[in-house]
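# Examining the three-dimensional arrangement
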Amino acid sequence: RAVAPALHRALQRAARRIAAGEAVSAVEAEGTRTLLAAGFDAVDYFETRAPDTLARRDPGATTPPARILAAARLGRTRLLDNVPA
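Residues numbered from 1 in each chain as written. Predicted model: local features only at pLDDT ≥ 70, side-chain atom pairs only at ≥ 80, totals over all residues. Heavy atoms only, no water.

Taken in spatial order, the 3 strands of this open sheet run β1-β2-β3, and their pairing is antiparallel. The sheet is open, and its two edges are formed by β1 (42–49) and β3 (77–84), each paired on a single side. Direction aside, neighbouring strands of the sheet carry axes that sit 10° apart on average. Pairing geometry for β1 and strand β2 (residues 67–74), over 7 bridges, is antiparallel. Bridge pairing in β2 places Y45 opposite A71. In the packing of helix α1 (residues 5–19) onto the sheet, contacts are made with β1, β2 and β3, and the angle to β3 comes to roughly 30°. Along the sheet face, helix α2 (residues 24–38) touches β1 and β2 and points at about 155° away from the line of β1. (Pairing = 2+ DSSP bridges. Helix = DSSP H or I, 4+ residues; strand = E, 2+ residues; numbered from the N terminus. Axes fitted to C-alpha atoms, helices over the stretch in contact; angles between N-to-C directions. Contact = heavy atoms within 4.5 Å.)

Here's what the structure looks like:
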């Protein structure tokens, strides 16, 4: 329970960074590293997608709107969350 909230915090931070114009690839990589450092056992995905089609965004800077999705594992539990960017 102590680790789980880190998923939403990482997504919120990523959304702020995407909105500020940072590169998608850097934001996604940092999000994955953050979750693993917080204590998650594995990260299935941490991705930036188009909100209407869920198509992957280019690895460079992107313009909102976007949606950031993540799935990470704590033991046998898989946590999913997403936020707008």
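Continuing now.
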